[in-house]
Amino acid sequence: MLGSKLQFEKKSFISFTLMLYAIMILVFILESINIFSGITVLRKIRYIYLICVCAYFLQHYRGYISKKVFVLTGLLLVHTVLFGLVFVNDSVKSETVMYFIEMIIFIALIFFTYYFVWDNNIIKRFIEINYFSVAVPMFLSFITHFNHRMNPLKFYTVFRSSHYQRSTFGFMHANFAGYILAFALIYSMILFIQYFRDSRVYKNRYKIIMMVFLDLVMIDMLFATTSRTAIIAVFIFAGMELFYSHFYKYRLSISTTIALSMGILLILYILISTGILSQIWDSSNRNENITVNMEYFKLFSPMTGMGYLPSYAFLAKGYGFDTWPVDMYYLYILLTTGYFGLFIISLFLVFTFIYIYKIKDSIYRRNALSLFVAIIFAGLGSSHIITYQLTMGMINWIILFLYISPKKIIKD
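Computed from a predicted structure; not experimentally measured.

K.L.:
What's the story with the overall build of the chain in this structure? I'm lost.
P.N.:
The number of helices and strands found in the chain is 15 helices and zero strands. Burial statistics for the chain: of 412 residues in total, 50% are counted as buried. Here the analysis covers contacts within the chain between residues at least 6 apart in sequence; of these, 80% occur between residues at least 24 apart. Summed over its atoms, the accessible surface of the chain is roughly 20,000 Å², and 69% of this surface lies on carbon and sulfur atoms.

See the structure below:
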């Protein structure tokens, strides 16, 4: 009787905590859209949620944490502490401390959420919650900014050399909306793969119908943002999933391999020789990211950078110079934390890849690798890959931490 009561209380606590998590993600997304005034006040729900998952950890921790997750979390903490408290630019000290606090909360949310989901073996349920918690507010954004939609017949125009039209759907920047949409679509693909793998298509038919509808809306939104890197990241994920699930298991003949290689090289040659790639690069203002900001970077220690501030500091001239907005994560890390900081983050990414490669379950390895490559590629057009400013960054790393953990924990 007592055991049944404790089991019921645990299930109730799990449901309550997941509800808090869903609300927190909803708030994070909605506060970035100019729909609801005063929504920022609700951001404090993250503290209530964090208390819940911390309490769960303290009560249920039995002395075991995946060494892989421990190493990756440690690297993030080392980077944050070093450049948030030790190697500090005195001219932006107060801003750095504020960013340090936000990043500590960000890392805590990743780790304790990971442990909560991992310990309860609810990874699929967790991904579902993330998908709908992101897709629903994005649908609201679509409805309230209906004139931002794009004619599907014009989707091809996003790869022209210039952005003739960019829809933000209420977000501060089109790229910001683009990356949220891109990873929401990636989560839906992960779920579809899971549903078909478990042969639960009919059981989840109403959920699938709703997801297809939301995905079609978000695809239109994604192309309307003309966020090329985000769009390509979705294609990369889908392409890798398709390749590893259907083609990789077959042994291709030497002639077929040569033909495919020649075809890829031919496409690259056409793109380079016609100047399409250079036109896209020039029109995206990526040159100024490097040329303008590196001149100011030279005024500081190359090993520790200009000071650990959020990426919007470059747009807001937070360093006191006429800096250019930074749209590349790897450049952002170099500028703010120098070569030493870039080395630590590089170690984090390399170890993540190694841990993914060692995943034994082929489905989890495939999903993790596809998601990881999409994240890495997205870093070429976004500075929010590992930062509290973009909610998808938090979700992505929680999912990857779950995938690299022992299979027996995440086999639902």
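K.L.:
Is there a simple way to think about the pattern of salt bridges in this case?
P.N.:
Between side chains of opposite charge, a pair can form as their charged atoms come close. Summed over all chains, the structure comprises five salt bridges. In this structure, Arg 46 and Glu 102 form a salt bridge, with 3.0 Å as the shortest nitrogen-oxygen distance. Taken as a pair, Arg 46 in helix α2 (residues 45–60) and Glu 102 in helix α4 (residues 93–120) lie far apart in primary sequence, 56 residues in all. Notably, a salt bridge pairs Lys 207 with Glu 128, separated by 3.1 Å at the nearest N-O pair. Here Lys 207 is found in helix α7 (residues 205–225), whereas its partner Glu 128 is found in helix α5 (residues 123–144), with 79 residues between them in sequence.

K.L.:
Just to check I follow, could you spell out the state of the cysteines for this structure?
P.N.:
Here a disulfide denotes a covalent bond joining the sulfur atom of one cysteine to the sulfur atom of another. Following the criterion strictly, the structure yields zero disulfides and no others. Of the cysteine sulfurs around Cys 52, a residue in no disulfide, the closest is that of Cys 54, at 9.4 Å. Look at Cys 54 and you get partly exposed, because its relative accessible area is 21%.

K.L.:
Just checking my understanding: could you explain the nonpolar core for this structure?
P.N.:
Within soluble globular proteins, side chains that are nonpolar generally end up buried alongside one another. Formed by 132 residues in total, the largest nonpolar core has its most connected members in Tyr 21 and Trp 397. Once you skip the residues sitting within four places of it in the chain, Trp 397 turns out to touch Ile 110, Phe 348, Leu 349, Thr 352, Phe 372, Ile 375, Ile 385 and Ile 386.

K.L.:
I tried to follow the packing of aromatic side chains on my own but got confused; where do I start?
P.N.:
Centre distance and the angle of the planes are the two values used to describe a pair of aromatic rings. For the structure shown, the criterion picks out 33 aromatic pairs. When the centroid spacing of 5.8 Å and the interplanar angle of 80° are considered together, the rings of Tyr 329 and Tyr 330 count as edge-to-face. Within the aromatic cluster, the residues linked to one another by ring pairs are Phe 57, Tyr 61, Tyr 64, Phe 111, Phe 112, Tyr 114, Tyr 115, Trp 118 and Phe 401.

K.L.:
Any chance you could explain the environment of Cys 52 here in plain terms?
P.N.:
Secondary-structure assignment places Cys 52 in helix α2. Residue Cys 52 is classed as buried on the basis of its relative accessible area of 11%. C-alpha separation for the pair Cys 52 and Ile 14, spaced 38 residues apart in sequence, amounts to 9.5 Å. Ignoring any residue separated from it by four or fewer positions in sequence, one finds Cys 52 in contact with Phe 13, Phe 16, Thr 17 and Leu 20.

K.L.:
How should unusual backbone geometry be read in this particular structure?
P.N.:
Working note: non-glycine residues mostly have negative phi, and peptide bonds are mostly trans. Positive phi, close to 55°, is recorded for Asn 121, a residue that is not glycine. By secondary structure assignment, the location of Asn 121 is in the loop between α4 and α5. Even without being glycine, Thr 226 reaches a positive phi, approximately 50°. Along the polypeptide, Thr 226 turns up in the loop between α7 and α8 (228–247). Here Thr 226 falls in the buried class, since its relative accessible area comes to 4%.

K.L.:
How do you make sense of the side chain of Asn 396 when you look at a structure like this?
P.N.:
The residue Asn 396 is located in helix α15 (residues 391–404) in this model. Classification of Asn 396 as buried rests on a relative accessible area of 3%. A distance of 2.6 Å separates the side chain of Asn 396 from the side chain of Tyr 187, its partner in a polar contact. Here Asn 396 is in contact with Phe 183, Tyr 187, Leu 371 and Ile 375, once residues within four sequence places are set aside.

K.L.:
Would you take a moment to explain the side chain of Glu 128 for this structure?
P.N.:
Its relative accessible area of 12% is what places Glu 128 among the buried residues. At a separation of 3.1 Å, a polar atom in the side chain of Glu 128 contacts the side chain of Lys 207. If near-sequence neighbours (up to four positions away) are discounted, Glu 128 is found in contact with Leu 191, Tyr 195 and Lys 207.

K.L.:
Hey, could you run me through a nonpolar patch on the surface in this one?
P.N.:
The grouping of Val 81, Leu 85, Val 86, Phe 87, Met 303, Tyr 339, Phe 340 and Phe 343 at the surface amounts to a nonpolar patch, some 720 Å² of accessible area in total. On the secondary structure map, Tyr 339 appears in helix α13 (residues 329–357).

About the thresholds
Residues numbered from 1 in each chain as written. Predicted model: local features only at pLDDT ≥ 70, side-chain atom pairs only at ≥ 80, totals over all residues. Heavy atoms only, no water. Helix = DSSP H or I, 4+ residues; strand = E, 2+ residues; numbered from the N terminus. Buried < 20%, exposed > 50% of the residue type's maximum accessible area, 1.4 Å probe, protein only. Contact = heavy atoms within 4.5 Å. Areas by Shrake-Rupley, 256 points an atom, 1.4 Å probe, with all protein chains shown as cover. Salt bridge = Lys/Arg side-chain N within 4 Å of Asp/Glu carboxyl O. Disulfide = S-S within 2.5 Å. Core = buried A, V, L, I, M, F, W, Y, C linked by side-chain atoms within 4.5 Å. Phe/Tyr/Trp six-rings, centres within 6.5 Å; stacked < 30°, edge-to-face > 60°. Polar contact = N/O pair within 3.5 Å; in protein donor to acceptor, adjacent residues only side chain to side chain. Patch = residues over 30% accessible without salt bridge, like charges linked within 9 Å, V, L, I, M, F, W, Y side chains within 5 Å.

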